[in-house]
There are 2 protein chains.
Amino acid sequence: MKAILATTLIGTLARALTIKTVGTTDIAEGTLAMDSIQNGRTLTNYIPVVFVGAAARRVFDRTTAGSVLSVQGAPRQEKWENAEGGKRSRVRIQALRTEVLSGDFATVVDRAGGTRLAQGVNQVTLGGNLVATPEVRYTPGGDAVTDFSLALNEKYTTRKNEVKERVSFVEVTAWKDLAEFVATLPKGTPLTVLGAAVSESWTDKDGQKRSVLKFEAGSIFQVQPPEGRAAQPDAHEPISDEAAAELADMAEEDMPF
Amino acid sequence: MKAILATTLIGTLARALTIKTVGTTDIAEGTLAMDSIQNGRTLTNYIPVVFVGAAARRVFDRTTAGSVLSVQGAPRQEKWENAEGGKRSRVRIQALRTEVLSGDFATVVDRAGGTRLAQGVNQVTLGGNLVATPEVRYTPGGDAVTDFSLALNEKYTTRKNEVKERVSFVEVTAWKDLAEFVATLPKGTPLTVLGAAVSESWTDKDGQKRSVLKFEAGSIFQVQPPEGRAAQPDAHEPISDEAAAELADMAEEDMPF
C-alpha cells in the first residue's frame, strides 16, 4: 500500500538546532523533548527531527534551547555509507510544517540540564506493509509483546520533475491484545498503525551513546485488499456545483498542513 | 498564519455512500460514525465526509453501509447560494487519503439501525487565527466554556495552475482551563488546536433535522509571531550529503499521507 506517514509533535528543543548547507539546501537538525500520554501511561521521549530548505533557516533563526515547537512531519529512513564503506541508516522525523509556540508551558528539567515539555504531543499514523510475519513473545510478567517492521513505500516528484520511489523501514512495538492480534497476520499485510514515536538510548561496547527511533502502537487496523462490493446509494443532501468544483481543485496533491 | 487542517478519522459508514458527477468530477458523500475518547470521556459522533475525484469512485465501489474506513483529510467550509439566493455554508471533512479496513471491529447499533465503530479515531489538528476575541461563560455547574471561531487560510494551486486562496471558518469549543486560557487572547491570535470533530444535531422550527460540524479542543497552543532570537548551535552528528539531497527533494509540497 501507499505509505501513510503523518506525525504531530509538540515539544521543547532539547538543545539549540544545528544548521549546515548541503549543496544549496539548508538542513537544520535537533531533538524535540516531551512527555506525552500513550496507552494510559506517560512516555518521555527525545525525538530526532530534521528541517529542510527554507524552513531550516527560518526555524534556526527563531529558536534556541528550550523553544517550544509544533512539528507536522513524516518519519523517514535515511540511508548512507560511512567512511569505511559500511551501510548505515537511521529513522528521523522530517518536519514538513513547523510553528514556534509561545505561552506558559510546564516543563521538566532533565538530567542533562535541558528542559522538556511536560504536556507534549506525540501522535503518529503509519500506513504500510508488514515486512515479515511477526512473532509474539511474553515478558516475565506475562504481557504479550510483538516487535514488527513496516515498509512505508512513498512515491514523490523531484524538483527536476522525475518520479521516484523510496521506502522507509520502521520498527513498531505492540503490547498485550495488539501484540496478540498483529502476530496473527502474515508478511505483506497492509496495516494502519496509530501510536507514538519512542526513542531508545543505550551505551554501545565502545562507550558511545547510541539511540534509535521506533514507534509504539496504540491501535492497529488491517487495510482491506482492493476487491469489494458495490454500494447501495441512498437519499442525501446534495453538494452544490460550485462547492464541488472548488473541492476538486483542492483534492489533488493537496497538503492539509 | 497559514492553515493547518489535519484530520484522522476511523469509523463506520453510517449508510452507503452516495455519488454524483459534477462537471467531470465524481463526488461521494457520506457519514463516518464512531465512538472515541476525548478529554477523558467517550464522544459519539457522526462526521460528514466528502470524497472527491478518482477516490470518490474507488471508495464508493468498495464500500457499503457498515464498512470501516480510515480517512486522512482536512476540514473545509463549503459556501453556496440556495434556490432563493440565500447564502449557505457548511463544514465537512474532505477525504484526502482513504483506506477500507477489515478485521473484527466492535460496533454499536444506533437508534437509526445503523452501526458505529465502538473504538474509533477522531483526531484533528487545526492551525488558524482567532476571528474574534472570545468570551468565557459558565455552565450552571460552574464549568468554564468558551466558543470561538478560527479562520483557516489556505493557498492552493488549481489544475489550471492558478494560485488561489480560500478561508474556512470553523467553530471550536474549549472547556475548563482551556476555556479560561483562550478567553485571555485577543482577536487575530494565531493558535494551534488539537482536538476532535463533534457533530451537533437538532430539529429546526420546520421540523427538519439539522446538523453542524464543530470541534472540541483537547489542547490549545499559541503560535509565536515571527520575530525571535538567533540560536546557538552545538555539536551534532551530521547528516550525509546523499540523505540531505533526498530529503530536500521530498520537502516541497510533499504530502505525508
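Not measured: the values here are computed from a predicted model. (Residues numbered from 1 in each chain as written. Chains lettered and ligands numbered in written order. Predicted model: local features only at pLDDT ≥ 70, side-chain atom pairs only at ≥ 80, totals over all residues. Heavy atoms only, no water.)

Further remarks concern the overall build of chain A. Looking only at helices and strands, chain A has 3 helices and 14 strands in total. Residue burial in chain A is summarised as follows: out of 257 residues, 53% are buried. Looking at chain A alone, contacts between residues at least 24 apart form 62% of all its contacts between residues at least 6 apart. Entry remark: accessible area of chain A is about 11,800 Å², with carbon and sulfur atoms responsible for 48%. (Helix = DSSP H or I, 4+ residues; strand = E, 2+ residues; numbered from the N terminus. Buried < 20%, exposed > 50% of the residue type's maximum accessible area, 1.4 Å probe, protein only. Contact = heavy atoms within 4.5 Å. Areas by Shrake-Rupley, 256 points an atom, 1.4 Å probe, with all protein chains shown as cover.)

Right, let's get into the environment of Pro190 of chain A. Residues and elements named next belong to chain A. Within the secondary structure layout, Pro190 lies in strand S13 (residues 190–203). For Pro190, a relative accessible area of 21% gives the class partly exposed. A C-alpha to C-alpha distance of 9.7 Å links Pro190 and Ala3, two positions 187 residues apart in sequence. Residues contacting Pro190, with those up to four places away along its chain left out, are Met1, Gly128, Asn129, Phe221, Gln222 and Val223.

All names here are of chain B. As for its position among the elements, Gly120 is in the loop between strand S8 (115–117) and strand S9 (121–130). Between the alpha carbons of Gly120 and Leu9 there is a distance of 7.4 Å; along the sequence they are 111 residues apart. Apart from the residues lying within four places of it in its own chain, the contact partners of Gly120 are Ile10, Met34, Asp35 and Ser36.

With that settled, consider helix H1 (residues 54–62) of chain B. Along H1 of chain B, the residues classified as buried are Ala56, Val59, Phe60 and Arg62 of chain B. Tucked inside the fold, the buried residues of H1 of chain B contact strand S2 (18–22), strand S3 (25–38), strand S4 (41–52), strand S5 (68–81) and strand S6 (87–102) of chain B.

As enumerated under the stated definition, the model contains 2 aromatic pairs over all chains in all. When the centroid spacing of 6.1 Å and the interplanar angle of 25 degrees are considered together, the rings of Phe105 of chain A and Phe221 of chain B count as stacked. Residue Phe105 of chain A is located in the loop between strand S6 (87–102) and strand S7 (107–109), and its partner Phe221 of chain B is located in strand S14 (residues 209–223); the two belong to separate chains. Under the relative-accessibility criterion, Phe221 of chain B is labelled buried at 6%. (Phe/Tyr/Trp six-rings, centres within 6.5 Å; stacked < 30°, edge-to-face > 60°.)

Residues and elements named next belong to chain A. Residue placement: Gln77 occurs in strand S5 (residues 68–81). Here the side chain of Gln77 touches Ser89 through a polar contact of 3.3 Å, side chain to side chain. Beyond its immediate stretch of four places on either side in the chain, Gln77 contacts Ser89, Arg90, Val91, Arg166, Val167, Ser168 and Phe169. (Polar contact = N/O pair within 3.5 Å; in protein donor to acceptor, adjacent residues only side chain to side chain.)

A few words now on unusual backbone geometry. Located in the positive-phi region is Lys176 of chain A, a residue other than glycine, with phi close to 55 degrees. Turning to its location among the elements, Lys176 of chain A is positioned in helix H2 (residues 176–182).

Further remarks concern the pairing of strand S3 (residues 25–38) of chain A. All names here are of chain A. Across the 14 residues of S3, 13 count as buried, placing the element largely inside the fold. Counting the residues in the hairpin turn of strand S2 (residues 18–22) and S3 gives 2 residues, including Gly23, whose phi is positive at 65 degrees. Where S3 meets strand S4 (residues 41–52), 12 bridges bridge the pair, whose relative direction is antiparallel. Opposite Thr31, over in S4, you have Pro48 as the bridge partner. From the end of S3 to the start of S4, which pair antiparallel, there are 2 residues, and Asn39 there has a positive phi angle of about 50 degrees. (Pairing = 2+ DSSP bridges.)

Right, let's talk about the pattern of salt bridges for a bit. All told, the structure shown has 24 salt bridges over all chains when counted by the stated rule. Of the charged contacts in the structure, one is a salt bridge between Glu78 of chain A and Arg90 of chain A, with a shortest N-O distance of 3.5 Å. Within this pair, whereas Glu78 of chain A is found in strand S5, its partner Arg90 of chain A is found in strand S6, the two being separated by 12 residues in sequence. Residues Glu78 of chain A and Arg90 of chain A agree in their burial class; the two are buried. Put simply, Arg57 of chain B and Asp26 of chain B hold a salt bridge, and the shortest N to O gap is 3.6 Å. Within this pair, whereas Arg57 of chain B is found in helix H1, its partner Asp26 of chain B is found in strand S3, the two being separated by 31 residues in sequence. It is possible to trace a salt-bridge network through shared partners that takes in Glu29, Glu78, Arg90 and Arg92 of chain A. (Salt bridge = Lys/Arg side-chain N within 4 Å of Asp/Glu carboxyl O.)

A few words on the pairing of strand S11 (residues 144–157) of chain A. Residue and element names in this part refer to chain A. Examined bridge by bridge, strand S9 (residues 121–130) and S11 share 2 bridges and lie antiparallel to one another. Considered in S11, the bridge of Leu130 is made with Leu150. As paired elements, S11 and strand S12 (residues 163–175) share 13 bridges and run antiparallel to each other. Paired with Glu154 across the two strands is Arg166, which belongs to S12. Hairpin remark: S11 followed by S12, antiparallel, with 5 residues in the connecting loop; positive phi at Asn161, about 70 degrees.

A separate point is the confidence of the model for chain A. Residues and elements named next belong to chain A. For chain A, the average pLDDT comes to 87, and 89% of its residues sit at 70 or higher. Across chain A, element-level confidence peaks in strand S10 (residues 136–138) with a mean pLDDT of 97 and bottoms out in helix H3 (residues 241–251) with 68. Predicted confidence is poor over residues 252–257, with pLDDT under 50, and the contacts of this stretch with residues over four places away or in other chains come to 26 contacts. (pLDDT = per-residue confidence, 0-100.)

This part takes up the environment of Leu101 of chain A. Tracing the backbone through its elements, the reader meets Leu101 of chain A in strand S6. Accessibility expressed as a relative area gives 3% for Leu101 of chain A, which makes it buried. When near neighbours in sequence (up to four residues on either side) are disregarded, Leu101 of chain A contacts Ile10, Val68, Leu69 and Ser70 of chain A together with Thr192, Phe221, Gln222, Val223 and Gln224 of chain B.

All names here are of chain B. Within the element layout of this structure, Arg116 appears in strand S8. Its relative accessible area of 12% is what places Arg116 among the buried residues. Of note is the side chain of Arg116, whose polar atom sits 3.3 Å from the side chain of Tyr46. With residues near it in sequence (within four places) discarded, Arg116 still touches Thr12, Ala33, Met34, Asp35, Thr44, Tyr46, Ala106, Thr107, Val108 and Asp110.

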